[in-house]
Amino acid sequence: IENFQQNHDLKCNKMMLLGASAGAQFCQRFAMWKPDKCLSCATYAAGGSIEFSQGSRVKFFVGIGTKDTNRLGFARDFRDSGGRFGVRVEYKEYPIGHDMPREFITDALRFLAR
């Protein structure tokens with residue numbers, strides 16, 4: 001991150017992350033690993049089981065397709081584990097499979113803008 005900032009003459013105190021599928025899995029794991037670097041995290045259909053083991057100040061928005069049977073449980077488990085530790089996880093299901101719906105992009109951008 002520091003190298004990227006230096007190469008592009010950017011300064012970044014806190015990041016807002018957005019990812020889908022494997023990118024969602026990365027974003028969630030990074031936000032949990034380095035919460036001091038993240039403000040918020042919007043993800044769609046994370047490709048793995050990720051659960052909280054402690055609280056976090058990072059705000060999360062999780063979207064998932066109700067027909068994405070391979071990942072639906074992962075999304076619900078992430079949401080539920082966040083609730084157990086007082087982590088703010090906004091959650092929305094979409095009537096679709098693994099393909100990311102345009103509505104998620106709109107919802108995610110609104111979430112990140114707040």
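Residues numbered from 1 in each chain as written. Predicted model: local features only at pLDDT ≥ 70, side-chain atom pairs only at ≥ 80, totals over all residues. Heavy atoms only, no water.

(A) Representation of the environment of A46 within the structure. Looking at where A46 falls in the secondary structure, it is placed in the loop between β2 (38-44) and β3 (59-65). In sequence terms A46 and A75 are 29 residues apart; their C-alpha atoms lie 7.0 Å from each other. Dropping the residues within four chain positions of it, A46 is found in contact with S21, A24, Q25, Q28, R71 and F74. (Helix = DSSP H or I, 4+ residues; strand = E, 2+ residues; numbered from the N terminus. Contact = heavy atoms within 4.5 Å.)

(B) Representation of the packing of aromatic side chains in the model. Counted according to the given criterion, the structure contains 10 aromatic pairs. For the ring pair Y44 and F104, a centre distance of 5.1 Å and an interplane angle of 50° mean the geometry is tilted. Note that Y44 is positioned in strand β2 and F104 in helix α4 (residues 102-113), a separation of 60 residues in sequence. A single burial state applies to Y44 and to F104, both of which are buried. Three or more aromatic residues joined by ring pairs make a cluster, and in this case those are Y44, F61, Y94, F104 and F111. Here K34 stacks its cationic end above the ring of W33, 4.7 Å away from the centre of that ring. For R79, the ring lying beneath its charged end belongs to Y91, and the centroid distance is 4.3 Å. (Phe/Tyr/Trp six-rings, centres within 6.5 Å; stacked < 30°, edge-to-face > 60°. Buried < 20%, exposed > 50% of the residue type's maximum accessible area, 1.4 Å probe, protein only. Lys NZ or Arg CZ within 6 Å of the ring centre and 35° of its normal.)

(C) The arrangement of the pairing of β2 in detail. Taking burial as the measure, the seven residues of β2 include six buried ones, the bulk of the element. Across six bridges, strand β1 (residues 15-20) lies against β2 in parallel orientation. Pairing of M15 across the sheet is with C38, part of β2. Where the polypeptide runs from β1 across helix α2 (residues 22-33) and back to β2, its parallel neighbour, the crossover connection is right-handed. Direction of pairing for β2 relative to β3: parallel, over a ladder of five bridges. (Pairing = 2+ DSSP bridges. Right-handed = clockwise from strand over helix to strand, strands pointing away.)

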